[in-house]
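# Coordinate analysis (summary)
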Amino acid sequence: MKKTPDIRSATAADIKSFSNDKMKMTCRAVVADLDGEILAVAGVYYTGNHVIAFSDFTEKMREYPFTMARMALAGMNIVKERSCIAIADEKHEGSPELLKRLGFRLISGRIYEWL
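Small disclaimer: the values here were computed from a predicted structure and weren't measured.

### Comments concerning unusual backbone geometry
- Non-glycine residue Asp35 carries a positive phi angle of around 55°.
- In this structure, Asp35 sits in the loop between strand E2 (27-34) and strand E3 (37-47).

Here is the structure:
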């Protein structure tokens, strides 16, 4: 049986290794960890008065569609009842549909809001 990634709370080291130091903001996130390799990250970061939902994943993560769905739900558990914004990623054609399924509503263009 194929091993699946574990979903767990992200550490600062996880975020740094996954993002190659691109993420400079404070965030709360979860990661998909496969034997020490971070395959995906999802959560929220704070900018001014706004809460921004985000996720990113490697191509290898596509091999685990059920874990991707669990990651999305784990990320939404961080959001809980706060209002937040998400931008549908142009690189992932299913991004708008996923945001809608998670309860986001389209505001304009690729911008969605969770109320």
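Having seen the model, we can carry on.
### Section: the packing of aromatic side chains
- Taken as a whole and assessed by the stated rule, the structure comprises two aromatic pairs.
- With a centroid separation of 6.0 Å and 45° between ring planes, the pair formed by Tyr45 and Phe54 is classed as tilted.
- Of the residues examined, Phe54 reaches a relative accessible area of 16% and is grouped as buried.
- Ring centres 5.7 Å apart and planes at 55° place the aromatic pair Phe104 and Trp114 in the tilted group. On the criterion of sequence distance, the pair formed by Phe104 in the loop between helix H3 (95-101) and strand E6 (105-108) and Trp114 in strand E7 (residues 111-114) is long-range, its members being ten residues apart.

### Some points on the pairing of strand E4 (residues 50-57)
- Here E3 runs beside E4; their pairing, made up of eight bridges, is antiparallel. Paired with Tyr45 across the two strands is Ile52, which belongs to E4.
- Where E3 hands over to E4, the hairpin turn is made up of two residues, of which Gly48 adopts a positive phi near 60°.

### Comments concerning helix H2 (residues 65-79)
- Taking 1.5 Å of rise per residue, 15 residues should cover 21 Å, and H2 covers 22 Å from first to last C-alpha, within 8% of that figure.
- Each element contacted by the buried residues of H2 is listed here: strand E1 (6-9), E2, E3, strand E5 (84-87), H3 and E7.
- In the segment just after H2, Lys80 is the residue with positive phi, at about 50°.

### Things to note about the pairing of E3
- Relative to E3, E2 runs antiparallel, the two being bridged by eight bridges. Paired with Ala29 across the two strands is Gly43, which belongs to E3.
- Counted along the chain from E2 to the antiparallel partner E3, the turn is two residues long, and its residue Asp35 has a positive phi close to 55°.

### A look at the confidence of the model for the protein
- Across the protein, the average pLDDT comes to 86, with 95% of residues at or above 70.
- Per-element averaging of pLDDT across the protein places helix H1 (residues 12-19) at the bottom with 84 and E1 at the top with 96.

### Thoughts on the pattern of salt bridges
- Following the criterion strictly, the structure yields nine salt bridges and no others.
- As a salt-bridge pair, Glu59 and Arg62 come within 3.2 Å of each other at their nearest N and O atoms.
- Overall, Glu59 belongs to the exposed group, its relative accessible area being 56%.
- The closest approach of N and O atoms between Arg105 and Glu113, which form a salt bridge, is 3.1 Å.
- Salt bridges sharing common partners tie together Arg8, Asp14 and Asp33.

The rules behind each value
- Residues numbered from 1 in each chain as written.
- Predicted model: local features only at pLDDT ≥ 70, side-chain atom pairs only at ≥ 80, totals over all residues.
- Heavy atoms only, no water.
- Helix = DSSP H or I, 4+ residues; strand = E, 2+ residues; numbered from the N terminus.
- Phe/Tyr/Trp six-rings, centres within 6.5 Å; stacked < 30°, edge-to-face > 60°.
- Buried < 20%, exposed > 50% of the residue type's maximum accessible area, 1.4 Å probe, protein only.
- Pairing = 2+ DSSP bridges.
- Expected span 1.5 Å × (residues − 1).
- Contact = heavy atoms within 4.5 Å.
- pLDDT = per-residue confidence, 0-100.
- Salt bridge = Lys/Arg side-chain N within 4 Å of Asp/Glu carboxyl O.

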